[in-house]
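Chain by chain, the residues:
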Amino acid sequence: MVRVNRPWLLFTGLSRALPSVFATAAFGLISSGIWRVTLYVGRLRDAVFTLLSIRTPVRLPGQSDAWA
């Protein structure tokens, strides 16, 4: 099944986008403005955003039958 789906083609197709992903992540970690947002939204809303950001990539492939 893995050989038929050829997951290595996905990695090579996205290899041009990886530098921008790493740059965005580095900006998010370094920028003080993004860290200050968490002070104003509160702990409950911050926890909800965290859970949604974890749940969404896990749930979307299951809904689109990508694993079938």
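Enquirer: Describe the overall build of the protein, listing the residues and the values that go with them.
Expert: Scanning the protein from N- to C-terminus turns up five helices and zero strands. Secondary structure elements of the protein occur, N-terminal to C-terminal, as α-α-α-α-α. Residue burial in the protein is summarised as follows: out of 68 residues, 3% are buried. Of the accessible surface of the protein, which amounts to about 6,500 Å², a share of 70% is contributed by carbon and sulfur atoms.

Enquirer: I'd like to hear about helix α4 (residues 32-41), residue by residue, with values.
Expert: Where α4 begins, the capping side chain belongs to S31, and its oxygen is found 3.5 Å from the backbone nitrogen of G33. A positive backbone phi angle near 90° is found at G42, which sits one or two residues after α4.

Enquirer: Talk me through the packing of helix α3 (residues 18-30) against α4; I want residue IDs and the actual numbers.
Expert: Running from N to C, α3 and α4 point in directions that differ by 60°, and their axes come no closer than 5 Å. Taken as axis vectors, α3 and α4 run oblique relative to one another. Between α3 and α4, the residues in contact are F27, G28, L29 and I30 and S32, I34 and W35, respectively. Residues of the contact of α3 with α4, tallied by class, amount to five nonpolar, two polar and no charged.

Enquirer: Summarise the side chain of S31; cite the residues concerned and give the values.
Expert: Structurally, S31 can be placed in the loop between α3 and α4. By relative accessible area, S31 is classed as buried at 16%. A polar atom in the side chain of S31 sits 3.5 Å from the backbone nitrogen of G33.

Enquirer: Report on the confidence of the model for the protein, specifying residues and quantitative values.
Expert: Here the protein averages 77 in pLDDT, and 79% of its residues register 70 or above. Here helix α1 (residues 2-5) stands out as the least confident element of the protein, with mean pLDDT 70; α3 is the most confident, with 86.

Enquirer: With reference to specific residues and values, describe a nonpolar patch on the surface.
Expert: On the surface, a nonpolar cluster with roughly 400 Å² of combined accessible area is contributed by L44, V48, F49 and L52. One can find L52 in helix α5 (residues 43-63).

Rules of the game
- Residues numbered from 1 in each chain as written.
- Predicted model: local features only at pLDDT ≥ 70, side-chain atom pairs only at ≥ 80, totals over all residues.
- Heavy atoms only, no water.
- Helix = DSSP H or I, 4+ residues; strand = E, 2+ residues; numbered from the N terminus.
- Buried < 20%, exposed > 50% of the residue type's maximum accessible area, 1.4 Å probe, protein only.
- Areas by Shrake-Rupley, 256 points an atom, 1.4 Å probe, with all protein chains shown as cover.
- Polar contact = N/O pair within 3.5 Å; in protein donor to acceptor, adjacent residues only side chain to side chain.
- Axes fitted to C-alpha atoms, helices over the stretch in contact; angles between N-to-C directions.
- Parallel < 35°, antiparallel > 145°, perpendicular 65-115°, else oblique.
- Contact = heavy atoms within 4.5 Å.
- Nonpolar A, V, L, I, M, F, W, Y, C, P; charged D, E, K, R; others polar.
- pLDDT = per-residue confidence, 0-100.
- Patch = residues over 30% accessible without salt bridge, like charges linked within 9 Å, V, L, I, M, F, W, Y side chains within 5 Å.
- Salt bridge = Lys/Arg side-chain N within 4 Å of Asp/Glu carboxyl O.

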